[in-house]
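If you want the building blocks of each chain, they are given just below.
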Amino acid sequence: RVSIVEKLSSTTISVCWSDPCSGHCAAQVWGICVARVDAVCVLSGKPIRRGDSIFRPRVYRSQVPLNRHRMILASAVAGFPEKTSF
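Residues numbered from 1 in each chain as written. Predicted model: local features only at pLDDT ≥ 70, side-chain atom pairs only at ≥ 80, totals over all residues. Heavy atoms only, no water.

S.K.: Would you mind going over the overall build of the protein chain in detail, with residue names and values included?
M.R.: Scanning the protein chain from N- to C-terminus turns up 0 helices and 7 strands. Written out in order from the N terminus, the α and β elements of the protein chain read β-β-β-β-β-β-β. Expressed along its principal axes, the backbone C-alpha trace of the protein chain runs to roughly 40 × 25 × 25 Å. Split into buried and exposed, the 86 residues of the protein chain put 33% on the buried side. When contacts within the protein chain are restricted to residue pairs at least 6 apart in sequence, long-range pairs at least 24 apart make up 42% of them. Taking the average location of the 12 positive side-chain charges in the protein chain and that of its 5 negative ones, the two points are 5 Å from each other. (Helix = DSSP H or I, 4+ residues; strand = E, 2+ residues; numbered from the N terminus. Buried < 20%, exposed > 50% of the residue type's maximum accessible area, 1.4 Å probe, protein only. Contact = heavy atoms within 4.5 Å. Lys, Arg positive; Asp, Glu negative; His and termini not counted. Charge placed at Lys NZ, Arg CZ, Asp CG, Glu CD.)

Put into structure tokens, the structure is as follows:
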């Protein structure tokens, strides 16, 4: 299961990820980049082509998430409202 928790900025989203093989993350940060390979969007199920704008899990130094190869099409989160602060 995957769901968007929050759109943090135009280049980052917070994702709730749950998978029996790769575990559970309640608020994993994903950043925008360009797809280097063809894949399938884990949110919409639509095909991802090399060169598409996508979000994927952020890698922090020695912490490499098990779901690092998963991708979400940027167009699939385009309508999600960005976080507002007051």
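Still more to cover.
S.K.: Describe in detail the nonpolar core, supporting the description with residues and values.
M.R.: Counting 16 residues, the largest nonpolar core has Ile13, Trp30, Ile48, Phe55 and Ile72 as its most contacted members. Elements that contribute at least two residues to this core include exactly β1 (2–7), β2 (12–19), β6 (53–57) and β7 (72–73). Considering each element in turn, this core owes the most residues, 3 residues, to β2. Those residues in contact with isoleucine 13 that sit more than four places away from it in its chain are Glu6, Lys7, Leu8, Gln28, Val29, Trp30, Phe55, Ile72 and Val77. (Core = buried A, V, L, I, M, F, W, Y, C linked by side-chain atoms within 4.5 Å.)

S.K.: Give a description of the environment of serine 18 that names residues and reports values.
M.R.: Along the polypeptide, serine 18 turns up in strand β2. In the structure, serine 18 is positioned 16 residues away from valine 2 in sequence and 6.4 Å away in space, judged by C-alpha atoms.

S.K.: Describe the packing of aromatic side chains, naming the residues involved and giving the relevant values.
M.R.: The description of an aromatic ring pair uses the distance of the two centres, along with the angle that the planes make with each other. Following the criterion strictly, the structure yields 1 aromatic pair and no others. Ring geometry for tryptophan 17 and tryptophan 30: centres 6.0 Å apart, planes at 40°, overall tilted. Remark: tryptophan 30 occurs in strand β3 (residues 23–34) and tryptophan 17 occurs in strand β2; sequence separation between them is 13 residues. A relative accessible area of 5% places tryptophan 17 in the buried class. (Phe/Tyr/Trp six-rings, centres within 6.5 Å; stacked < 30°, edge-to-face > 60°.)

S.K.: Before we move on, can you summarise the side chain of asparagine 67 with the specific residues and values?
M.R.: You can see asparagine 67 is positioned in the loop between β6 and β7. Polar side-chain contacts of asparagine 67 include one of 2.9 Å to the side chain of glutamine 28. (Polar contact = N/O pair within 3.5 Å; in protein donor to acceptor, adjacent residues only side chain to side chain.)

S.K.: Summarise the state of the cysteines; cite the residues concerned and give the values.
M.R.: By the definition in use, this model includes 0 disulfides. Here cysteine 41 stays free of any disulfide, with the sulfur of cysteine 33 as its closest cysteine sulfur at 13 Å. (Disulfide = S-S within 2.5 Å.)

S.K.: Provide a residue-level description of the pairing of β2, including the pertinent values.
M.R.: Each regular strand displays side chains that alternate between the two surfaces of the sheet. Burial within β2 is extensive, with 6 of its 8 residues counted as buried. Pairing geometry for β1 and β2, over 5 bridges, is antiparallel. Residue pairing across strands places glutamate 6 opposite serine 14, the latter belonging to β2. Where β1 folds back on β2, the antiparallel hairpin that results is connected by 4 residues. (Pairing = 2+ DSSP bridges.)

Any functional reading would require information that these geometric values do not contain.
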